[in-house]
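Single-letter residue listing:
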Amino acid sequence: IFGRDVEDKDLLDEDNLKTILDEGNLYWRYSSPQQKGKIIRRIQALIPVKKYLLEYLKRKYPNLEVVTISVYGGYPYWDEEIATSDLDLRIVIKGNRFEYITIDDIDLDNPAFSKLPKKILGINVWIFGEDNIVSGIMPETVPGKLINPSKTIFMNICQLYPGCIVIHGRKFKSFSGI
């Protein structure tokens, strides 16, 4: 399900970013030219945030091997009148893991967040093991109150292609490559 790596230069180069989005993002595909410009600016503003989050993950979860980080939810797509106040991420790691976390111990006033078009109030993260997504392996334990991990994993996998924008690591294959 994975294609090539997405690097900062891909996100900074508008033509490369458009190509990445053209290959598999339905929201992008059906957005107006004006909305597409907003999506590009919002994704590019996430580069310092991504670097900050990678350092955070390294400190907090030193054993995680990140395969990919993608943005989903309202942040890339919202209209000004429908403001979003959080950043939703899906992180795929090596191995078998399934967890939903709210990151509430980071400094949202850090300069890494200063270029965002709107101040965010929190970061929500789904963490999936590559084994869970690629091989359908269910985790041995499920943290929190998630009653049906297989449905939750399936629902999230269905949303990887049409709505997620990879900002770090391996991108998802294009629709034609699935």
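Everything below is about the structure printed above this text.
Quick caveat, the model's predicted, so the values are computed rather than measured.

K.L.:
Can you help me understand the overall build of the protein chain in this one?
P.N.:
A count of helical and extended segments in the protein chain gives 7 helices and 6 strands. Listed by position from the N terminus, the elements making up the protein chain come as β-α-α-α-α-α-β-β-β-β-α-α-β. With 178 residues in all, the protein chain has 47% of them scored as buried. For the protein chain, contacts bridging at least 24 residues in sequence account for 75% of all contacts bridging at least 6. Accessible surface, the protein chain: about 9,200 Å² in total, of which carbon and sulfur atoms supply 52%.

K.L.:
Explain the packing of helix 2 (residues 14-22) against helix 4 (residues 33-45) to me, please; I cannot follow it from the model alone.
P.N.:
A pair of packed helices can be characterised by two numbers: the angle between their axes and the separation between those axes. Two numbers describe how helix 2 lies on helix 4: the axes approach to 11 Å, and their chain directions differ by 105°. The orientation of helix 2 with respect to helix 4, classified from their angle, is roughly perpendicular. In this structure, helix 2 uses Glu14, Leu17, Lys18 and Leu21 to contact helix 4, whose residues at the interface are Ile39, Ile40, Ile43 and Gln44. Residue classes in the contact of helix 2 with helix 4 are distributed as 5 nonpolar, 1 polar and 2 charged.

K.L.:
Sorry if this is basic, but what is going on with the pattern of salt bridges here?
P.N.:
When charged atoms on two side chains of opposite charge get close, those side chains can pair. Scanning the model with the defined rule gives 6 salt bridges in all. Lys60 is paired through a salt bridge with Asp105; the nearest N and O atoms lie 3.0 Å apart. Of this pair, Lys60 sits in helix 5 (residues 47-60) while Asp105 sits in the loop between strand 4 (98-103) and strand 5 (122-129), placing them 45 residues apart in sequence. Ionic pairing is found between Asp109 and Lys119, a salt bridge with its closest N-O pair at 2.6 Å.

K.L.:
Can you walk me through the pairing of strand 5 in this structure?
P.N.:
With respect to burial, strand 5 is a largely interior element, 8 of its 8 residues being buried. Neither face of strand 5 is open: one carries Gly122, Asn124, Trp126 and Phe128, the other Ile123, Val125, Ile127 and Gly129, and all of them are buried. By the bridge criterion, 8 bridges tie strand 3 (residues 86-93) to strand 5 in an arrangement that is parallel. Note on strand 5: the bridge partner recorded for Leu89 is Val125. Alignment of strand 4 against strand 5, held across 6 bridges, turns out to be antiparallel. In the strand pairing of strand 5, Ile101 is matched with Val125.

K.L.:
What is the right way to look at the packing of aromatic side chains in this model?
P.N.:
Tallied over the full model, the rule gives 4 aromatic pairs. On the numbers, 5.8 Å between centres and 15° between planes, the contact of Trp126 with Phe128 is stacked. For Phe128, a relative accessible area of 2% corresponds to the buried category. Through a chain of ring-to-ring contacts, three or more aromatic side chains come together here, namely Tyr100, Trp126 and Phe128. Sitting above the plane of the Trp78 ring, Arg42 keeps its charged end 3.9 Å from the centroid. Taking NZ or CZ as reference, Arg90 lies 3.7 Å from the ring centre of Tyr72, over its face.

K.L.:
Please clarify how helix 4 should be interpreted in this entry.
P.N.:
Every α-helical turn comprises 3.6 residues, leaving residues that sit three or four positions apart pointing alike. Here helix 4 spans 19 Å end to end across 13 residues, near enough to the 18 Å set by a 1.5 Å rise per residue. Listing the buried residues of helix 4 in full gives Gln35, Lys38, Ile39, Ile40, Arg42, Ile43 and Ala45.

Each value, and the rule that gives it
Residues numbered from 1 in each chain as written. Predicted model: local features only at pLDDT ≥ 70, side-chain atom pairs only at ≥ 80, totals over all residues. Heavy atoms only, no water. Helix = DSSP H or I, 4+ residues; strand = E, 2+ residues; numbered from the N terminus. Buried < 20%, exposed > 50% of the residue type's maximum accessible area, 1.4 Å probe, protein only. Contact = heavy atoms within 4.5 Å. Areas by Shrake-Rupley, 256 points an atom, 1.4 Å probe, with all protein chains shown as cover. Axes fitted to C-alpha atoms, helices over the stretch in contact; angles between N-to-C directions. Parallel < 35°, antiparallel > 145°, perpendicular 65-115°, else oblique. Nonpolar A, V, L, I, M, F, W, Y, C, P; charged D, E, K, R; others polar. Salt bridge = Lys/Arg side-chain N within 4 Å of Asp/Glu carboxyl O. Pairing = 2+ DSSP bridges. Phe/Tyr/Trp six-rings, centres within 6.5 Å; stacked < 30°, edge-to-face > 60°. Lys NZ or Arg CZ within 6 Å of the ring centre and 35° of its normal. Expected span 1.5 Å × (residues − 1).

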